[in-house]
Amino acid sequence: MTGLIPAIHMSIPRCRLTMWSRGGVPPPPSQVKENRVDRSLALSWLLAFEEAALAEKDHLTTLDSAIGDGDHGVNLHRGLSRVRRWLESGEIPDSPGEVLRESGALIRAHVGGASGVLYGGAFSAMGTALPTAGADAAQFGDALTAGLDAIVRLGAAAPGDKTMVDAFTPALTAFRTVRAGNFGAAASAAASGAAAGAWSTIPMQARKGRASYLGHRSVGHMDPGAASTTLLFRSLARVAVPASARTSR
């Protein structure tokens, strides 16, 4: 195991270790005022994801340079910035499902490579699965399941292949584990699950994508798709957990 340490430190700069720790997510709130995913929360989630992708663009690119094409951060943010421009135009649908579905189409059109297909497919599937009027925690869990199913289908990946599936799967499991329909607590748990899943990809040997061509040399690096999936769920937790609950702890 000690032989992995140099590669791990090369893949994840020291300045990022604290941010990417399993504890680097908003704490579960003691009370959430709103337990439904409505249009406003869908907009906030997408905007928060774009902000996170911008802040971590260089880091994602560094991760991808080690085992991929070196463009994940740039490509992902390009697509999400296009989503932001659309959301800020004011010409957006009323239902959260339509917001996510159309955002997925924009991501697919403007994010290059596999990431555009996978993230675009996931958002489109989640949007299609959401009820028109919004969703409670259980219904949103169903939408997340649809998103993961789309990623698995489009990428032909499974847990353990060293892909975004390794972060999305534990995030979904953690989300569904939270009882009493507390959406904020479920989102926070999902963010923790995604972060743990991303860390778990470091000792894996890639079996899918460009990284698989490296064979054993892919070991010791965090998968960039799993890293950006952590940002996806961190962003959800950020908008789902009331600011008072985050700052009071």
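This section reports on the structure supplied with the text. (Residues numbered from 1 in each chain as written. Predicted model: local features only at pLDDT ≥ 70, side-chain atom pairs only at ≥ 80, totals over all residues. Heavy atoms only, no water.)

Side note on the pattern of salt bridges
- What the rule picks out here adds up to six salt bridges.
- Between Arg84 and Glu51 there is a salt bridge, and its shortest N-O distance comes to 3.3 Å. Of this pair, Arg84 sits in helix α5 (residues 72-88) while Glu51 sits in helix α3 (residues 39-55); the two residues are 33 residues apart in sequence, bridging distant segments of the chain.
- A residue is classified by how much of its surface remains accessible, and Glu51, at 36% relative accessible area, is partly exposed.
- Notably, a salt bridge pairs Glu51 with Arg238, separated by 2.9 Å at the nearest N-O pair. Placement of the pair is Glu51 in helix α3 and Arg238 in helix α11 (residues 224-240), with a sequence separation of 187 residues.
- Connected via shared salt-bridge partners are Glu50, Glu51, Arg84, Glu88 and Arg238. (Salt bridge = Lys/Arg side-chain N within 4 Å of Asp/Glu carboxyl O. Helix = DSSP H or I, 4+ residues; strand = E, 2+ residues; numbered from the N terminus. Buried < 20%, exposed > 50% of the residue type's maximum accessible area, 1.4 Å probe, protein only.)

Focus: the layout of surface pockets
- As a volume, the largest pocket reaches approximately 640 Å³.
- Residue lining of the largest pocket: 29 residues in total, with Ala114, Ser115, Leu118, Gly209 and Arg210 positioned closest to the centre.
- Broken down by secondary-structure element, the contributors of at least two residues to the lining of the largest pocket are α4 (57-67), α5, α7 (113-129), α8 (137-155) and α11. (1 Å grid on protein atoms, 1.4 Å probe; cavity = no way out; pocket = protein on both sides within 12 Å on 5 of 7 lines; lining within 4 Å. Points joined across faces, edges and corners; volume = space filled by probe spheres on them.)

Focus on the packing of α7 against α8
- The N-to-C vectors of α7 and α8 enclose an angle of 145°; their axes lie 7 Å apart at closest approach. Considering how the two elements wind past one another, α7 and α8 form a crossing that is right-handed. Taking contact as the criterion, the partners of Val117, Leu118, Gly121, Ala122, Ala125, Met126 and Ala129 in α7 are, on α8, Ala143, Leu144, Ala146, Gly147, Ala150, Ile151, Leu154 and Gly155.
- A breakdown of the residues in the contact of α7 with α8 according to their chemical character gives twelve nonpolar, three polar and no charged. (Axes fitted to C-alpha atoms, helices over the stretch in contact; angles between N-to-C directions. Left-handed = near helix turned anticlockwise from the far one by under 90°. Contact = heavy atoms within 4.5 Å. Nonpolar A, V, L, I, M, F, W, Y, C, P; charged D, E, K, R; others polar.)

So, the environment of Gly184
- In this structure, Gly184 sits in helix α10 (residues 183-200).
- By relative accessible area, Gly184 is classed as buried at 0%.
- Each C-alpha atom, one on Gly184 and one on Val239, is 8.5 Å from the other, the two residues being 55 residues apart in sequence.

Here's the deal with the side chain of Ser103
- Along the chain, the position of Ser103 falls in helix α6 (residues 96-110).
- Apart from residues lying up to four places away in sequence, Ser103 is in contact with Leu46, Val83 and Trp86.

Considering unusual backbone geometry
- Here Ala156, not a glycine, exhibits a phi torsion of approximately 50°, which is positive.
- For Lys162, which is not glycine, the phi dihedral falls at a positive 70°.

Quick word on α8
- Taking 1.5 Å of rise per residue, 19 residues should cover 27 Å, and α8 covers 27 Å from first to last C-alpha, within 8% of that figure.
- For α8, every residue scored as buried is listed here: Ala137, Phe140, Gly141, Ala143, Leu144, Gly147, Leu148, Ala150 and Ile151.
- Capping the start of α8 is the job of one residue whose side-chain oxygen sits 3.2 Å from the backbone nitrogen of Ala138: Asp136.
- Among the residues trailing α8, Ala156 stands out with phi positive, at a value near 50°. (Expected span 1.5 Å × (residues − 1). Polar contact = N/O pair within 3.5 Å; in protein donor to acceptor, adjacent residues only side chain to side chain.)

With respect to the packing of aromatic side chains
- Tallying each qualifying case throughout the model produces eight aromatic pairs.
- Geometrically, the ring pair formed by Phe49 and Phe123 is tilted, given 6.4 Å between the ring centres and 40° between the ring planes. Residue Phe49 is located in helix α3, and its partner Phe123 is located in helix α7; the two are separated by 74 residues in the primary sequence.
- Note on Phe49: relative accessible area 1%, which makes it buried.
- What makes Phe123 buried here is its relative accessible area of 1%.
- Aromatic pair Phe168 and Phe233: ring centres 5.0 Å apart, planes at 85°, arrangement edge-to-face. (Phe/Tyr/Trp six-rings, centres within 6.5 Å; stacked < 30°, edge-to-face > 60°.)

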